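Single-letter residue listing:
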Amino acid sequence: MTALARPSNGRMIGGVCAALARRFGTSATTMRVIFLVSCLLPGPQFLVYLVLWVLLPGEDKARQAW
């Protein structure tokens, strides 16, 4: 598994789904579909997305930290 960081390329809005897809070894499209389907269920999905967007470092910053 790779480090959890928002990628510079291949992101649509904030790169959260792309980061999670890269972490779990699936495609970004699959992760986006999972997120959209989960939005049909009750819960704080949008809040979790926003929190991850703020807390996850960008790929460039994560490389500098190593």
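None of the values given here were measured: they were computed from a predicted structure. Note that residues are indexed from 1 along each chain, following the sequence as it is written. Two thresholds apply to this predicted model, a pLDDT of at least 70 for residue-level local features and 80 or more for giving and counting side-chain atom pairs, whereas whole-chain, interface and lining totals are computed over all residues. To obtain the side-chain values, all non-hydrogen atoms of the structure were included, while hydrogens and water were left out.

### Notes on the environment of Ala 18
Logical step 1: Secondary structure elements are taken from DSSP: a helix is a run of H or I of four residues or more, a strand is a run of E of two residues or more, and numbering for both begins at the N terminus. By the secondary structure assignment, Ala 18 is in helix α1 (residues 16-24).
Logical step 2: Sequence-wise, Ala 18 and Pro 7 are 11 residues apart; in three dimensions their C-alpha atoms are separated by 6.9 Å.

### A short note on the pattern of salt bridges
Logical step 1: Salt bridge, as applied in this entry: a Lys or Arg side-chain nitrogen positioned within 4 Å of an Asp or Glu carboxyl oxygen. Under the defined criterion, the tally for this structure stands at one salt bridge.
Logical step 2: Put simply, Glu 59 and Arg 22 hold a salt bridge, and the shortest N to O gap is 2.5 Å. Here Glu 59 is found in helix α4 (residues 59-65), whereas its partner Arg 22 is found in helix α1, with 37 residues between them in sequence.
Logical step 3: By relative accessible area, Arg 22 is classed as partly exposed at 38%. Each residue gets one of three labels from its accessible area relative to the maximum for its type: buried under 20%, exposed over 50%, partly exposed in between, using a 1.4 Å probe on protein chains only.

### Remarks on the nonpolar core
Logical step 1: Counting nine residues, the largest nonpolar core consists of Val 16, Cys 17, Ala 18, Leu 20, Ala 21, Ala 28, Met 31, Phe 35 and Tyr 49.
Logical step 2: Where this core is concerned, the elements lending two or more residues are α1 and α2 (28-38).
Logical step 3: No other element matches α1, which puts five residues into this core.
Logical step 4: Every residue in contact with Phe 35, bar those within four places of it in the chain, is listed here: Cys 17, Gln 45, Phe 46 and Tyr 49. Among the buried residues, those of types Ala, Val, Leu, Ile, Met, Phe, Trp, Tyr and Cys that are joined through side-chain atoms within 4.5 Å form a nonpolar core. The contact rule is simple, with two residues in contact once any of their heavy atoms fall within 4.5 Å.

### A look at the packing of aromatic side chains
Logical step 1: Centres within 6.5 Å make a pair out of two Phe, Tyr or Trp rings, where for Trp the six-membered ring is used; the pair is then stacked when the planes are under 30 degrees apart, edge-to-face when over 60, and tilted otherwise. Here the structure, examined in full by the defined rule, presents three aromatic pairs.
Logical step 2: Their ring planes at 90° and their centres at 5.9 Å tell us that Phe 35 and Phe 46 sit as a pair that is edge-to-face. Pair noted here: Phe 35 is in helix α2 and Phe 46 is in helix α3 (residues 45-55), with a separation of 11 residues, a long-range link.
Logical step 3: Classification of Phe 35 as buried rests on a relative accessible area of 19%.
Logical step 4: With 5.4 Å between their ring centres and 40° between their planes, Phe 35 and Tyr 49 make a pair best called tilted. Here Phe 35, found in helix α2, pairs with Tyr 49, found in helix α3; they are 14 residues apart in sequence, far enough to count as distant. The residues Phe 35 and Tyr 49 share a single accessibility class, namely buried.
Logical step 5: Among the aromatic residues, those joined into a cluster by ring pairs are Phe 35, Phe 46, Tyr 49 and Trp 53.

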